[in-house]
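Listed below are the residues making up each chain.
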Amino acid sequence: MSSQTAGVLQLLALIAALALAYRPLGEYMARVYSSEKHHEPEKWIYKAIGANPTAEMRWPAYLRGVLAFSAVGVLFLYALQRAQGVLPGSLGFQAIDPDQAFNTAASFVANTNWQSYSGEQAMGHVVQTGGLAVQNFVSAAVGMAVAVALVRGFARSRTGELGNFWADLVRGVFRILLPLSVVGAIILVACGAVQNFSGIHEVGRFTGGSQEWNGGAVASQEVIKVLGTNGGGYFNANSAHPFENPTPFSNLFEVFLILVIPFSLTRTFGRMVGSLRQGYAILATMATIWIGFTALMMWTEFAHHGPAFEVAGGAMEGKETRFGIGASAIFSVATTLTSTGAVNSFHSSYTGLGGGIQLLGMQLGEIAPGGVGSGLYGMLVMAMIAVFIAGLMVGRTPEYLGKKIGTREIKFAACYILVTPALVLGFTAAAMALPTPPDSMLNSGAHGFSEVLYAYTSGANNNGSAFAGLNADTQWFNSTIGIAMLLGRFLPMVFVLALAGSLAEQKPVPATAGTLRTDKPLYTGLLVGTILIVTGLTYFPALALGPLAEGLAS
Amino acid sequence: MNTSVSHTVRLIGAGLRALLVLTVICGVLYPLAVTGIAQALFGDKADGSEIKDEAGKVVGSSLIGQTYNLPGQNPDDPEEAARPDLRWFQPRPSNGLGTNSVNTRYSLILSGATNRAGDDEELIKWVTDAKAAVVADNSTAGFKVRPQDVPAEAVTSSGSGLDPHISPVYAGLQVHRVAERNGLDVKEVEKLVRDHTEGRQLGFMGEPRVNVLELNTALKALSQN
């Protein structure tokens, strides 16, 4: 069997596995967020928090909950890293410097997991397991909560109430992320991922002497890293490290975990708004982009244009033997089309066009299928932009799911769309114009520019992967990327929740013969086109200077 | 004003309590429970898949690649170029590993890629030199390696820098040299490589591969008997 055939078969197997999980998981999540029953342990937690889980919140209250919880998360994680030197169980690792500690705290709370440190030489057990891994759970649950609040905005009418943030947060962790993580972690250990609390210890070598290893609760962190579309690796090499991702099966399993919640949430959405077909239209849009990008990536990586790859006879630089080209391409597209940013192969050493596909995937706003929660709400905002554009063409007030997309709604949607490009392009321009930031580039020319563009694209879109040649552990990059991550996460949430509140107050308008049907293939086509055009117009000049220039030169 | 301040304080307090409760559950109980189950069911794997040689001595992890170099000639020179010990099967190059400059207390194995672009001059040189070395090292009196026979992974660095595998093609290129250096029959070494070749999982997942440490451990046993 050729490597190309094996790559395609792996993609097909992945599609089949996701299709099998789609209905049960999507329906289950709809029940989780709609159920009025509170489990006994959950009641204890609400008591400890001092929150009443049945109290409905309007959008400002819901937003205050999100922001308060996240702000506390940033401060706690910052303090934990600064105190590492004196904490027990830190393996003797020192306190993290203030700029890097801020960057890392912002990164993990914003579900980005950009890492300017390398795990095995900076973070001990306490920070990794008690700090970073905890944010892997809760930042994912926050994203899902905001998505569900927006879905309720569509589903409800003549009320401003969007649910209870604390209940959505706790249920997301308890009923969805934790059970799946326990099962997934055991499967990863069965493949060979490590899971222990031993300190750094010496192990013999074949040629004599010894090597020093770093143990840790790796599998339990790895599983939530992918399931929660977080992406922050225990080790520097992330999912390329054999202790995190030991076999071709574990690799495909990790890609499955990255994609399963974002895709299945479209079923949850369809169920909660009372029309499964609306969910299928969104699903079809996400799947079209995802499969198209994967096919393109496999094509360019197997074709291996670029001087070094042509001498080598294949684009294997930065890729692992056990995965090869096909499984690496699948992983890299899944991680950049979601907000994951985990890598099983190093993006900087992809072909010029391959790097362009990764950048474009993030620049789409990570909505195909996107991060847990953030993918769904990002896609629904684009869905509103698409009906708005269609409405302009025929001169009708646009509607989506029976709700009018009026001036107020479209303003929030437009603000949402503008946040990340403003952060990405503004910071990239500033970094290139200032005298010292360009010193961080490893490669020169077009690829060096791509490193900087990639860093801000990854940060502002909450991805976390990198063209890792860039030395991002400087005060400039730690601070600006940290700010980009926080604004890129929480400003869009403000607009989404405001939008949700405004939608929930409307009374539904009945569909007429003139209403654009948003559950048909025609609409899916319109939505795919809108996404590509809006993103293309925004980023084309920047892409032309980086990956396109590099790809066309080789 | 006062009410809004006390409101904010109450909210921050709720956020902090929520974070602490979830930290206990997701950051303490969950990893402990998973570690307990993992250690009970798959203890060896959870501890890093260590493998032992015939004498029972731990020689490393089957998941972590190693180098097989000759001892340095000048112990005072850390910059000395490593020379491969051609008795053993050689792994992929590993040009991406930095030195452990952050933490001077340990000499940990570090993971990392080169992150070089396809048009990077240094990468082109590394690949060109590696290819020449593979051809020169593996050609014996009766077996000539041609540059076009050398697979891509043999001359490039992996993502982790710790890739434990090489392709069966690269292992096959090394058979004649290894047989000659160990005074073994080519057929015997070929069989050893065949026995240590893993196909794709379930026939389609990943790529065929040979675990270098396991292969060398078996080779050592064979050449000593």
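This text goes with the structure placed above it.
Quantities reported herein were computed from a predicted structural model and do not represent experimental measurements. (Residues numbered from 1 in each chain as written. Chains lettered and ligands numbered in written order. Predicted model: local features only at pLDDT ≥ 70, side-chain atom pairs only at ≥ 80, totals over all residues. Heavy atoms only, no water.)

Engineer: Explain the overall build of chain B to me, and be specific about the residues and the numbers.
Structural biologist: In terms of helices and strands, chain B carries five helices and five strands. Ordering the α and β elements of chain B from the N terminus gives α-β-β-α-β-α-α-β-β-α. Taking 225 residues into account, the globule formula puts the C-alpha radius of gyration at 17 Å, and chain B, at 24 Å, lies well above it. Taking the principal axes of the C-alpha coordinates as reference, chain B spans close to 90 × 45 × 45 Å. Nonlocal contacts in chain B, meaning residues at least 24 apart in sequence, comprise 56% of its contacts between residues at least 6 apart. Carbon and sulfur atoms provide 56% of the accessible area of chain B, an area that totals close to 11,000 Å². (Helix = DSSP H or I, 4+ residues; strand = E, 2+ residues; numbered from the N terminus. Rg over C-alpha atoms; globule rule 2.2 N^0.38 Å. Contact = heavy atoms within 4.5 Å. Areas by Shrake-Rupley, 256 points an atom, 1.4 Å probe, with all protein chains shown as cover.)

Engineer: Help me get a handle on the sheet that holds strand β5 (residues 209–211) of chain B, residues and values and all.
Structural biologist: Residue and element names in this part refer to chain B. Sheet architecture is open: three strands sit in the order β3-β5-β4, paired in antiparallel fashion. Single-partner strands in this sheet number two, and they are β3 (165–166) and β4 (197–198). Relative to β5, β3 is paired through two bridges, and the arrangement is antiparallel. By the bridge assignment for β5, I166 is matched with V210. (Pairing = 2+ DSSP bridges.)

Engineer: Hey, could you go over the side chain of E222 of chain A for me, with residue numbers and the actual values?
Structural biologist: Residue and element names in this part refer to chain A. Note on placement: E222 falls in helix α8 (residues 218–227). Judged by its relative accessible area of 2%, E222 falls in the buried class. Among the polar contacts made by the side chain of E222, one reaches the side chain of K225 at a distance of 3.1 Å. Those residues in contact with E222 that sit more than four places away from it in its chain are L188, S239, E244 and E254. (Buried < 20%, exposed > 50% of the residue type's maximum accessible area, 1.4 Å probe, protein only. Polar contact = N/O pair within 3.5 Å; in protein donor to acceptor, adjacent residues only side chain to side chain.)

Engineer: So what's going on with the environment of S348 of chain A? Which residues, and what values?
Structural biologist: Mapped onto the fold, S348 of chain A is located in the loop between α12 (324–337) and α13 (352–363). You can call S348 of chain A buried: its relative accessible area is 0%. As a C-alpha pair, S348 of chain A and H447 of chain A span 99 residues in sequence and 8.4 Å in three-dimensional space. Non-local contacts of S348 of chain A, meaning those with residues more than four positions away in its chain, are made with N443, H447, E451, A466, F467 and A468 of chain A together with N115, R116 and A117 of chain B. In terms of polar contacts, S348 of chain A uses its side chain to reach the side chain of H447 of chain A, at 3.0 Å.

Engineer: For empty space enclosed by the protein, give the residues involved together with the corresponding values.
Structural biologist: All names here are of chain A. For the structure shown, the criterion picks out four cavities of 30 Å³ or more. When its volume is computed, the largest cavity comes out at roughly 340 Å³. Considering the residues around the largest cavity, the lining is formed by 26 residues, among which L364, G365, Y416, T420 and N461 are closest to the centre. For the lining of the largest cavity, the secondary structure elements donating two or more residues are α14 (374–394), α15 (407–433), α17 (475–505) and α18 (521–553). Taken together, the residues of the lining of the largest cavity sort by class into 12 nonpolar, 12 polar and two charged. (1 Å grid on protein atoms, 1.4 Å probe; cavity = no way out; pocket = protein on both sides within 12 Å on 5 of 7 lines; lining within 4 Å. Points joined across faces, edges and corners; volume = space filled by probe spheres on them. Nonpolar A, V, L, I, M, F, W, Y, C, P; charged D, E, K, R; others polar.)

Engineer: I'd like to hear about the side chain of E207 of chain B, residue by residue, with values.
Structural biologist: Take E207 of chain B: it is sitting in the loop between β4 and β5. Looking at E207 of chain B, the relative accessible area reads 11%, which means it is buried. At a separation of 3.0 Å, a polar atom in the side chain of E207 of chain B contacts the side chain of R200 of chain B. Once residues within four sequence positions are removed from consideration, E207 of chain B is found in contact with S3, T321, R322, F323 and G324 of chain A together with R200 of chain B.

Engineer: Describe in detail the pairing of strand β2 (residues 210–213) of chain A, supporting the description with residues and values.
Structural biologist: All names here are of chain A. With four bridges connecting them, strand β1 (residues 201–204) and β2 associate as antiparallel partners. Of the residues in β2, the one forming a bridge with G204 is S210. Adjacent in sequence and paired antiparallel, β1 and β2 are bridged by five residues, among which G208 carries a positive phi angle near 95 degrees.

Engineer: Before we move on, can you summarise a nonpolar patch on the surface with the specific residues and values?
Structural biologist: Nonpolar side chains collect at one region of the surface, where F197 of chain A together with V24, V28, L29 and L32 of chain B lie side by side and expose about 420 Å² of accessible area between them. Take V24 of chain B: it is sitting in helix α1 (residues 2–46). Among the residues examined, V24 of chain B registers a relative accessible area of 43% and is labelled partly exposed. (Patch = residues over 30% accessible without salt bridge, like charges linked within 9 Å, V, L, I, M, F, W, Y side chains within 5 Å. Salt bridge = Lys/Arg side-chain N within 4 Å of Asp/Glu carboxyl O.)

Engineer: Could you give an account of the pairing of strand β2 (residues 58–61) of chain B, naming the residues involved and the relevant values?
Structural biologist: Residue and element names in this part refer to chain B. Pairing of strand β1 (residues 50–52) with β2 involves three bridges; the strand directions are antiparallel. If you follow K52 over to β2, its bridge partner there is V58. The turn linking β1 back onto β2 is made up of five residues, and G56 within it adopts a positive phi angle of 90 degrees.

Engineer: Could you give an account of α13 of chain A, with specific residues and numbers?
Structural biologist: All names here are of chain A. With 12 residues, α13 extends 17 Å between its outermost C-alpha atoms, agreeing within 8% with the 16 Å of an ideal straight helix rising 1.5 Å per residue. Within α13, 10 of the 12 residues are buried, which leaves it mostly tucked inside the rest of the structure. Within α13 the residues assigned to the buried category are G352, G354, G355, G356, I357, Q358, L359, G361, M362 and Q363. Of the surrounding secondary structure, the elements contacted by the buried residues of α13 are α10 (276–303), α12, α16 (445–460) and α18. Following α13 by one or two positions, G365 adopts a phi angle in the positive range, close to 100 degrees. (Expected span 1.5 Å × (residues − 1).)

Engineer: With reference to specific residues and values, describe the pattern of salt bridges.
Structural biologist: When their charged atoms lie close together, side chains carrying opposite charge are able to pair. All told, the structure shown has 23 salt bridges over all chains when counted by the stated rule. In this structure, E56 of chain A and R156 of chain A form a salt bridge, with 2.9 Å as the shortest nitrogen-oxygen distance. Within this pair, whereas E56 of chain A is found in the loop between α2 (40–49) and α3 (59–82), its partner R156 of chain A is found in the loop between α6 (125–155) and α7 (165–191), the two being separated by 100 residues in sequence. Its salt-bridge partner being R87 of chain B, residue D85 of chain B comes within 3.2 Å of it at the nearest N-O pair. Looking at D85 of chain B, the relative accessible area reads 8%, which means it is buried. Judged by its relative accessible area of 38%, R87 of chain B is partly exposed. One connected set of salt bridges, linked through shared partners, spans E27, R267 and R271 of chain A.

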